[in-house]
Amino acid sequence: MTYDPNNIFARILRGEIPNKTAYEDEYALAFHDINPQTPTHVLVIPKGAYVSFADFSAKASDAEVLGFFRAVGKVAKDLGADEPGYRILANHGRDAHQEVPHFHVHIFAGTNLGRMIKPADR
Ligand code: AMP
């Protein structure tokens, strides 16, 4: 899958669409999800153009991977979520219902999240 430079998160990175920023550094931007699923729901995206986790993990440089995941941990900590806990999640592809084709990690926190995931209704 080729990267679409007009996907919504690419436009957020270019400043064309507003966002509620939680954190930003050289490697990552974190912002609050527009349709939160939990009391705290933040998305962390790399600054580079990667379609999904598969693309990012295969092609990003060591510095980008390190910088990105350090940012995810820092954001969760700064949100006050280290205690009592949080969940991170990344959707890749159709079966995971990935909607936005720019790699992103969801951070869910602020409530008891239950165990793992619910199966889809079939
Ligand atoms: P996914 O299904 O993993 O691709 O999740 C995409 C997420 O992006 C969803 O949780 C959306 O609510 C969120 N989202 C879409 N557009 C925006 C936006 N403009 N600002 C913040 N979050 C967004």
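See the structure shown above.
Report follows, based on the coordinates. (Residues numbered from 1 in each chain as written. Predicted model: local features only at pLDDT ≥ 70, side-chain atom pairs only at ≥ 80, totals over all residues. Heavy atoms only, no water.)

Helix length check: helix α3 (residues 62-78), at 17 residues, gives a terminal C-alpha distance of 24 Å against a target of 24 Å (1.5 Å per residue), a fit within 8%. The complete set of buried residues in α3 reads Gly-67, Phe-68, Ala-71, Val-72, Val-75 and Ala-76. The buried residues of α3 occupy one face: seen down the axis, they fall within an arc of 165°. Seen from the buried face of α3, the exposed residues on the opposite side, beyond 90 degrees, are Asp-62, Arg-70 and Lys-77. Looking at the buried positions of α3, the neighbouring elements they touch are β1 (21-24), β2 (28-32), β3 (40-46), α2 (53-59), β4 (86-89) and β5 (105-109). (Helix = DSSP H or I, 4+ residues; strand = E, 2+ residues; numbered from the N terminus. Expected span 1.5 Å × (residues − 1). Buried < 20%, exposed > 50% of the residue type's maximum accessible area, 1.4 Å probe, protein only. Arc of directions from axis to C-beta. Contact = heavy atoms within 4.5 Å.)

Membership of the largest hydrophobic core comes to 16 residues, with the highest contact counts inside it found for Val-44 and Phe-68. Top contributing element to this core by residue count: α3, with 5 residues. Ignoring any residue separated from it by four or fewer positions in sequence, one finds Val-44 in contact with Ala-28, Leu-29, Ala-30, Phe-68, Val-72, Phe-103, His-104, Val-105 and Ile-107. (Core = buried A, V, L, I, M, F, W, Y, C linked by side-chain atoms within 4.5 Å.)

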